[in-house]
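Chains, contacts and geometry: an overview
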Amino acid sequence: MTLTDKSTFDRATEAVAFLQSHLPETLRTPQVAIVCGSGLGGLADTVHAESKAEYDYASIPHFPRPTVAGHAGKLVFGLLGDKIPAVLMVGRAHYYEGHSMDAVTFPIRVFKQLGVDTVVLTNAAGGLNSDYQVGDIVLLNDHLFLAGLAGVHPLRGPNAEEIGVRFPPLSDAYDLDLRRQVHQAWKEVVPPQSTRKLHEGVYAFVGGPTYETRAESRMLRMLGADVVGMSTVPEIVVARHSGLRVLAFSLVTNNAVLAPVPRGDEQVFQDKEAGELSKILEEGKAGHEEVLEAGRSAALDMQKLVAHTLAGAFGAT
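Position numbers for residues count from 1 along each chain, tracking the sequence in the order it is written. Only residues with pLDDT of at least 70 are given local features in this predicted model, and only at 80 or more are side-chain atom pairs given and counted; all residues enter the totals for whole chains, interfaces and linings. Neither water nor hydrogens contribute to the side-chain values; these are computed over all heavy atoms in the structure.

**Details of the UniProt feature "binding site: a purine D-ribonucleoside" (unreviewed entry) in the protein chain**
- UniProt positions are given in the numbering used here, feature names are shortened, and annotations may be inferred rather than shown by experiment. Annotation from UniProt places "binding site: a purine D-ribonucleoside" (unreviewed entry) at Glu 212 and Asn 254. A maximum C-alpha distance of 11.9 Å among these annotated residues, which run over 43 residues, shows that they cluster at one spot.
- Strands are runs of DSSP state E lasting at least two residues, helices are runs of H or I lasting at least four, and both sets are numbered from the N terminus onward. Along the polypeptide, Glu 212 turns up in the loop between strand E7 (198-205) and helix H6 (214-222).
- Setting aside its immediate chain neighbours within four residues, Glu 212 contacts Val 206, Ser 217, Leu 220, Val 228 and Met 230.
- When a residue's accessible area, from a 1.4 Å probe over protein chains only, is under 20% of the maximum for its type it is buried; when over 50% it is exposed; and in between it is partly exposed. Among the residues examined, Asn 254 registers a relative accessible area of 6% and is labelled buried. Contact criterion: two residues are considered in contact whenever any of their non-hydrogen atoms come within 4.5 Å of each other.

Put into structure tokens, the structure is as follows:
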């Protein structure tokens, strides 16, 4: 049997066997898994240094390796709040990198077999809702998975009955009790004078790697999306298929451009130089460095919010 012949369950079993053979006993069955998105790898700093164990993705059997800046590619095991055994995924693989849906969601299968009960997912996203500002945090309560509706879906193919049911519902995907904990934690960890806001909203998954056109951004907003990004939703689908509780956050790192593209026959542009026209088109254009910088500036608030929420949810102090 070749590696490609093995089921996802079997491959996850091999990855778990490797990790548990190397981990200290206190860290072998984490309760919580945290997926750190672009620029949010600092969440790993919430783990106490004396309890920390790290493994490069390349050393773990079958684990997908990210190639994007801001995604370090390591699993960090340790204790949150001195009491909560956790595993943090510092960086993720994306569908647009050429990985299959099965590969990008493989870590979630590993977390399930490690004994994880709750998965917290974070990402950098473009803001579609005009009420959102760069640096705001969005607590996800629903999603649009257009790729999934078209058949590009992580559960496509024979169902793994040992993991979950053939037709899992997703109307309850975003745990209400955990979201309630987030709002309570926000009041305690973010000072009232902060300009950063916490919202609840809908995330739209797109395949990438291009950022959305203006027309695409308007379409997604009309469909009800508040933020848009290239990750997270396939992981959430697999997490729910595996019976895991889900909590998900987006950090707004840029505002999507929804205004229509200027027309070439508009009179006001006729006497403009080509360089001036380029500047007009570039207004609001997103870039990956911008995403990473917004992540750095909001990292501390995100770290405090996640750590405090989990402390409340799991009774740790």
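**Examining the packing of helix H1 (residues 8-22) against helix H3 (residues 106-114)**
- Here H1 crosses H3 at 60°, and the two axes come no closer than 9 Å. What the angle tells us is that H1 and H3 run oblique. Remark: the crossing between H1 and H3 carries right-handed chirality. Only Phe 106, Arg 109, Val 110, Gln 113 and Leu 114 of H3 make contact with H1, whose side of the interface consists of Thr 8, Phe 9, Arg 11, Ala 12, Thr 13, Ala 15, Val 16, Leu 19 and Gln 20.
- Class assignment for the residues of the contact of H1 with H3 results in eight nonpolar, four polar and two charged. As a rule, the C-alpha atoms of each element are fitted with a line to give its axis, helices using only the stretch in contact, and angles between N-to-C directions run from 0 to 180 degrees. Should an angle fall under 35 degrees it is taken as roughly parallel, and over 145 as roughly antiparallel, whereas 65 to 115 is taken as roughly perpendicular and any remaining angle as oblique. Should the near helix be turned anticlockwise from the far one by less than a right angle, the crossing is termed left-handed; should it be turned clockwise, right-handed. In the scheme used here, Gly and all other residues not listed as nonpolar or charged are polar, with Ala, Val, Leu, Ile, Met, Phe, Trp, Tyr, Cys and Pro taken as nonpolar and Asp, Glu, Lys and Arg as charged.

**Overview of the pattern of salt bridges**
- Every case where a carboxyl oxygen of Asp or Glu lies within 4 Å of a side-chain nitrogen of Lys or Arg is listed as a salt bridge. Counting across every chain of the model gives eleven salt bridges.
- Residues Asp 301 and Lys 304 are paired through a salt bridge, measuring 3.6 Å at the closest nitrogen-oxygen approach. One end of the pair is Asp 301 and the other is Lys 304, both in helix H9 (residues 288-313) and three residues apart, which spans about a single turn.
- Residue Asp 301 is classed as buried on the basis of its relative accessible area of 13%.
- Of the residues examined, Lys 304 reaches a relative accessible area of 38% and is grouped as partly exposed.
- In the salt-bridge network here, residues are joined through shared partners; they are Asp 175, Asp 177, Arg 180 and Arg 245.

**A short note on the nonpolar core**
- In this structure, Leu 19, Leu 75, Phe 77, Val 110, Phe 111 and Val 119 are the most contacted members of the largest nonpolar core, which totals 49 residues.
- Here the nonpolar core consists of buried residues drawn from Ala, Val, Leu, Ile, Met, Phe, Trp, Tyr and Cys, with membership extended through side-chain atoms lying within 4.5 Å. Leu 88, Val 90, Ala 185 and Leu 251 belong to the second largest nonpolar core, which has 31 residues in total.

**Topic: helix H7 (residues 233-241)**
- Most of H7 is tucked away: eight of the nine residues are buried.
- Looking one or two places after H7, you find Gly 243, whose phi comes out positive at around 80°.

**Brief notes about the packing of aromatic side chains**
- Whether two aromatic rings pair depends on their centres lying within 6.5 Å, for rings of Phe, Tyr and Trp, where Trp uses its six-membered ring; planes under 30 degrees apart make the pair stacked, over 60 edge-to-face, and the rest tilted. All told, the structure shown has five aromatic pairs when counted by the stated rule.
- Taking 6.5 Å as the distance between ring centres and 75° as the angle between the ring planes, the aromatic pair formed by Phe 18 and Tyr 55 counts as edge-to-face. A residue pair is termed long-range when its members are at least 10 positions apart, and Phe 18 in helix H1 and Tyr 55 in strand E2 (residues 53-56) qualify at 37 residues.
- Residue classification places Tyr 55 among the buried residues on the basis of a relative accessible area of 12%.
- A ring pair is formed by Tyr 57 and Phe 63, whose centres lie 4.9 Å apart and whose planes are at 45°; its orientation type is tilted.

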